[in-house]
Amino acid sequence: MCELFGFSSQKKENITGYLEEFYSHSVQHPHGWGLVTFEGDQAFIEKQPVQATKSEYLKARLLDSVEAENAFGHIRYATIGHVDYDNCHPYTKKDANGRRWTLVHNGTIFCYPPLDMFINIQQGNTDSERILLYLVSLIDQTEQEAGRRLSAEERFRVIDTAVVDMAPDNKLNLMLFDGEQMYVHTNYKDSLYLLEKEGSTMFATVPLSEERWEPVPFAQLLAYQGGKQIFAGTKHGAEYIDSEENLRYLYQIFADL
C-alpha cells in the first residue's frame with residue numbers, strides 16, 4: 001500500500017527530519033513520491049514517478065530545510081493506474097469559487113459508481129484522482145444550490161457525508177486540504193497515526209520517530225486547523241478488511257501495470 005504524511009501547524013516549522021524518515025520507506029513503495037506545501041490558496045507540488053530514495057531531485061530538495069504550516073507527503077505503491085507522473089500524488093483542483101483542494105490517498109475504491117463519471121475527464125487513471133474530482137464537484141453543487149460560499153463547517157459536513165457514503169467496502173485512508181482546514185480519515189486498522197506537539201499535529205501511515213504517536217480516531221472524518229482538531233464527523237463504523245476477492249482483484253490490476 002502507499003504511505004501518507006500530513007502536517008498541520010499554527011506556524012511554519014521545519015519538518016525535514018520527519019520527511020527524510022518518511023521517504024526512506026520508499027524501498028517498499030517504489031512507484032513515485034510527492035510533496036506539497038501550502039501558502040494560502042497556493043499549493044506547491046513536487047513529485048516524480050520514481051522511487052523516492054533514488055530521486056536526485058528529492059535528495060537535493062531535502063538538503064534545504066522544508067518549512068511549512070501545512071504539508072502533505074506521499075510515497076506510492078501502484079495498484080490502480082500506471083507508473084507515470086499523472087498518477088503520482090498529490091492531486092489538486094480548484095472549485096468553482098477559486099478555492100484549491102489537494103488530496104493524498106492510500107487505498108483502493110473497489111466499487112463506488114459516482115466516481116465513474118470522472119474517468120474520461122481525469123488527467124491520469126487512478127481512483128484517487130477521481131475521489132478529488134468527485135468531492136470538488138459536490139462542493140460546487142452545494143455552493144451553487146446555496147447561492148454562496150460555504151463556511152468551513154458546512155464544507156466539512158459535505159465531505160463527511162461523502163466519506164460516510166464512500167467508505168463501505170472501500171479502503172479510504174485519505175488527507176485533504178482546502179486552503180483552510182485539513183481533513184483526515186482512515187478506515188483500515190493500524191494504518192494511520194498522529195503525533196500531537198505544542199501547536200502542531202503530524203500524521204503518518206507508520207510512526208516516524210520514537211515520540212508518542214497514537215492511532216488516528218477510526219472510521220470518522222476529522223478536520224484540523226492550525227494543528228488543532230476543529231471538527232469530528234460521523235462515526236460510521238465501515239472498517240475495510242482485506243478479502244480474498246479484493247486481493248485477487250489487486251493482484252490482477254498490478255499484473256497489468
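Further up the page is the structure itself.
Structure report, in brief. (Residues numbered from 1 in each chain as written. Predicted model: local features only at pLDDT ≥ 70, side-chain atom pairs only at ≥ 80, totals over all residues. Heavy atoms only, no water.)

Taken in spatial order, the seven strands of this open sheet run β3-β2-β4-β1-β10-β9-β11, and their pairing is antiparallel. Edge strands, defined here as strands with exactly one partner in the open sheet, are β3 (42-48) and β11 (214-215). Pairing of strand β1 (residues 3-14) with strand β4 (residues 67-75) involves eight bridges; the strand directions are antiparallel. The partner of Phe7 across the bridge, within β4, is Ala71. (Pairing = 2+ DSSP bridges. Helix = DSSP H or I, 4+ residues; strand = E, 2+ residues; numbered from the N terminus.)

On to helix α4 (residues 152-166), then. If you check α4, its first and last C-alpha atoms are 21 Å apart, about what 15 residues at 1.5 Å a residue would give, namely 21 Å. All of the buried residues along α4 are Ala152, Arg155, Phe156, Val158, Ile159, Asp160, Ala162, Val163 and Met166. Residues of α4 that are buried make contact with β6 (100-108), α3 (127-146), β7 (171-177), β8 (182-185), β12 (222-225) and β13 (228-232). (Expected span 1.5 Å × (residues − 1). Buried < 20%, exposed > 50% of the residue type's maximum accessible area, 1.4 Å probe, protein only. Contact = heavy atoms within 4.5 Å.)

Another aspect to go through is the packing of aromatic side chains. Overall, the coordinates contain 14 aromatic pairs when judged by the stated rule. Pairing Trp101 with Tyr183 gives two aromatic rings, centres 5.8 Å apart and planes at 25 degrees, and the pair type is stacked. In this pair, Trp101 sits in strand β6 while Tyr183 sits in strand β8, placing the two residues 82 residues apart along the sequence. Per residue, the accessibility class of Trp101 equals that of Tyr183, and both read buried. Between Tyr112 and Tyr134 the ring centres are 5.8 Å apart and the planes differ by 75 degrees, which places this aromatic pair in the edge-to-face class. Pair noted here: Tyr112 is in the loop between β6 and α3 and Tyr134 is in helix α3, with a separation of 22 residues, a long-range link. A single burial state applies to Tyr112 and to Tyr134, both of which are buried. One aromatic cluster is present, formed by Phe5, Phe22, Tyr23, Trp33 and Tyr57 through successive ring pairs. (Phe/Tyr/Trp six-rings, centres within 6.5 Å; stacked < 30°, edge-to-face > 60°.)

How two helices pack is summed up by the angle between their axes together with the distance between the axes. Running from amino to carboxyl end, α3 crosses α4 at an angle of 135 degrees, the nearest separation of the two axes being 10 Å. Regarding the angle of α3 to α4, the classification is oblique. Crossing of α3 against α4: the hand is right-handed. When α3 is examined against α4, the residues Ile131, Tyr134, Leu135, Leu138, Ile139 and Thr142 are found in contact with a partner set consisting of Arg155, Val158, Ile159, Ala162 and Met166. Residue classes in the contact of α3 with α4 are distributed as nine nonpolar, one polar and one charged. (Axes fitted to C-alpha atoms, helices over the stretch in contact; angles between N-to-C directions. Parallel < 35°, antiparallel > 145°, perpendicular 65-115°, else oblique. Left-handed = near helix turned anticlockwise from the far one by under 90°. Nonpolar A, V, L, I, M, F, W, Y, C, P; charged D, E, K, R; others polar.)

Glancing now at the pattern of salt bridges. One pass over the full model with this rule turns up ten salt bridges. The closest approach of N and O atoms between Glu39 and Lys12, which form a salt bridge, is 2.7 Å. On the criterion of sequence distance, the pair formed by Glu39 in strand β2 (residues 33-39) and Lys12 in strand β1 is long-range, its members being 27 residues apart. A relative accessible area of 37% means that Glu39 is categorised as partly exposed. Take Lys12: its relative accessible area is 42%, and that puts it in the partly exposed class. The salt bridge involving Arg148 is made with Glu154; its shortest N-O contact spans 2.7 Å. In the salt-bridge network here, residues are joined through shared partners; they are Asp95, Arg99 and Glu143. (Salt bridge = Lys/Arg side-chain N within 4 Å of Asp/Glu carboxyl O.)

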